[in-house]
Amino acid sequence: MNARQSDTEFVVRNHLQAFVEQQGVDAILRDYDDDARFLSEIRTYHGKREIRGFFEAFLASLPPNAINHF
């Protein structure tokens, strides 16, 4: 595994832990710089404000108790 894979795995694990432990969007956003880019299937989000919006919408779209089933 190279450094880039290791960094990516670290970030993904942080996001999953924040999700499962219901730490909220702020915990996820700690992994992003202010000028970060986040790529989704639909668009590219620029900066923490837009990335926050993505994660808030994603979490809000989950069915009830989805985190418990995860």
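The rules we used
- Residues numbered from 1 in each chain as written.
- Predicted model: local features only at pLDDT ≥ 70, side-chain atom pairs only at ≥ 80, totals over all residues.
- Heavy atoms only, no water.
- Helix = DSSP H or I, 4+ residues; strand = E, 2+ residues; numbered from the N terminus.
- Phe/Tyr/Trp six-rings, centres within 6.5 Å; stacked < 30°, edge-to-face > 60°.
- Buried < 20%, exposed > 50% of the residue type's maximum accessible area, 1.4 Å probe, protein only.
- Salt bridge = Lys/Arg side-chain N within 4 Å of Asp/Glu carboxyl O.

### Side note on the environment of Ile 67
Here comes step 1: Among the structural elements, Ile 67 can be located in helix H4 (residues 66–69).
Here comes step 2: Counting along the chain gives 46 residues from Ile 67 to Glu 21, while the straight-line C-alpha distance between them is 8.6 Å.

### Observations regarding the packing of aromatic side chains
Here comes step 1: Under the definition given, this model contains eight aromatic pairs.
Here comes step 2: Considering the side-chain rings of Phe 38 and Tyr 45, the 6.1 Å spacing of their centres and the 50° angle between planes classify their relative orientation as tilted.
Here comes step 3: Judged by its relative accessible area of 12%, Tyr 45 is buried.
Here comes step 4: For the pair Phe 38 and Phe 54, a centre-to-centre distance of 4.7 Å together with 45° between the ring planes defines the contact as tilted. Note that Phe 38 is positioned in strand E1 (residues 37–39) and Phe 54 in helix H3 (residues 47–61), a separation of 16 residues in sequence.
Here comes step 5: Through successive ring pairs, a cluster of aromatic residues spans Tyr 32, Phe 38, Tyr 45, Phe 54, Phe 55 and Phe 58.

### A word on unusual backbone geometry
Only a minority of non-glycine residues have a phi that is not negative, and only a minority of peptide bonds are not trans.
Here comes step 1: Of note in the backbone geometry, Gln 22 takes a positive phi value of approximately 50° without being a glycine.
Here comes step 2: Among the secondary structure elements, Gln 22 is positioned in the loop between helix H1 (3–20) and helix H2 (25–29).
Here comes step 3: Look at Asn 65: it is not a glycine, yet its phi comes out positive at around 65°.
Here comes step 4: With respect to the helices and strands, the residue Asn 65 is situated in the loop between H3 and H4.

### Concerning the pattern of salt bridges
Here comes step 1: Applying the stated criterion across every chain, the model contains four salt bridges.
Here comes step 2: One salt bridge in this structure joins Asp 26 and Arg 52, with 2.4 Å as the shortest N-O distance. Of this pair, Asp 26 sits in helix H2 while Arg 52 is found in helix H3, placing the two residues 26 residues apart along the sequence.
Here comes step 3: Of the charged contacts, one joins Arg 43 and Glu 50 as a salt bridge, the two residues approaching to 2.8 Å between their closest N and O atoms.
Here comes step 4: Exposure remark for Arg 43: the relative accessible area of 37% places this residue in the partly exposed category.

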